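# Topology and contacts: notes
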Amino acid sequence: MGLHPGLLSKLRVVTADGELDLTTVPAFARDLEDARRGSGRLFLVVDLCAVTFMDGSVLDPLCEAWEDCHDRLGWVRVVYRRPAAGLVFRAGGLLERFPRYADVQDAWQDVPADRAVADRPA
């Protein structure tokens, strides 16, 4: 999918940094809710590249965001690089719902990190 101005206006990016755990997830959840304010179709990219630690408490707000965007005919895609984030999604049984994207551009264009690596010329 290329950059379509009409769709791009519906894109929101939430960026988190530091630790996402039981004490910090409420602020993260508020950021996700703020990004989803309004009505209509919504595309949400959650950038976790600067997150140094996260636990399973992040899954509930991400799933709420996914369900809301999905109900609005949109999506949520997650950008992360640290293997520990993938382990949290795997432990929660959510790797299919939240595949890894290398950056916001790849998330927008729906190029998961594993596919991007496989598609690069040798």
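Structure shown above.
Since the model is a prediction, treat every value here as computed from it, not as a measurement.

Cut-off values and rules
Residues numbered from 1 in each chain as written. Predicted model: local features only at pLDDT ≥ 70, side-chain atom pairs only at ≥ 80, totals over all residues. Heavy atoms only, no water. Core = buried A, V, L, I, M, F, W, Y, C linked by side-chain atoms within 4.5 Å. Buried < 20%, exposed > 50% of the residue type's maximum accessible area, 1.4 Å probe, protein only. Helix = DSSP H or I, 4+ residues; strand = E, 2+ residues; numbered from the N terminus. Contact = heavy atoms within 4.5 Å. Arc of directions from axis to C-beta. Pairing = 2+ DSSP bridges. Axes fitted to C-alpha atoms, helices over the stretch in contact; angles between N-to-C directions.

### Concerning the nonpolar core
Counting residues in each nonpolar core, the largest one holds 27 residues, and the members touching the most others are Phe28, Leu48 and Phe89. Of all the elements in the fold, those that place two or more residues in this core are strand E1 (11-20), helix H2 (25-35), strand E2 (43-54), helix H3 (59-71), strand E3 (75-79) and helix H4 (83-91). Among all residues touching Phe89, those that are not within four sequence positions of it are Leu48, Met54, Leu59, Leu62, Val78, Tyr80, Leu94, Leu95 and Phe98. Counting nine residues, the second largest nonpolar core, distinct from the first, contains Phe43, Trp75, Tyr101 and Ala107.

### Looking at H4
For H4, the set of buried residues is Ala85, Gly86, Val88 and Phe89. End-on view of H4: buried residues confined to an arc of 155°, all on one side of the axis. With respect to the buried face of H4, the exposed residues turned more than 90 degrees away are Pro83, Leu87, Arg90 and Ala91. In this fold, the buried residues of H4 make contact with E2, H3 and E3. In the stretch just after H4, Gly93 is the one whose phi turns positive, near 65°.

### Some points on the sheet that holds E2
Pairing within the open sheet is parallel, and its four strands lie in the order E1-E2-E3-E4. Strand pairing shows two members of the sheet lacking a second neighbour, E1 and strand E4 (100-101), which therefore form its edges. Across nine bridges, E1 lies against E2 in parallel orientation. Looking across to E2, one finds that Val13 is bridged to Val45. Across the sheet, H2 is in contact with E1 and E2; its angle to E1 comes to roughly 175°.

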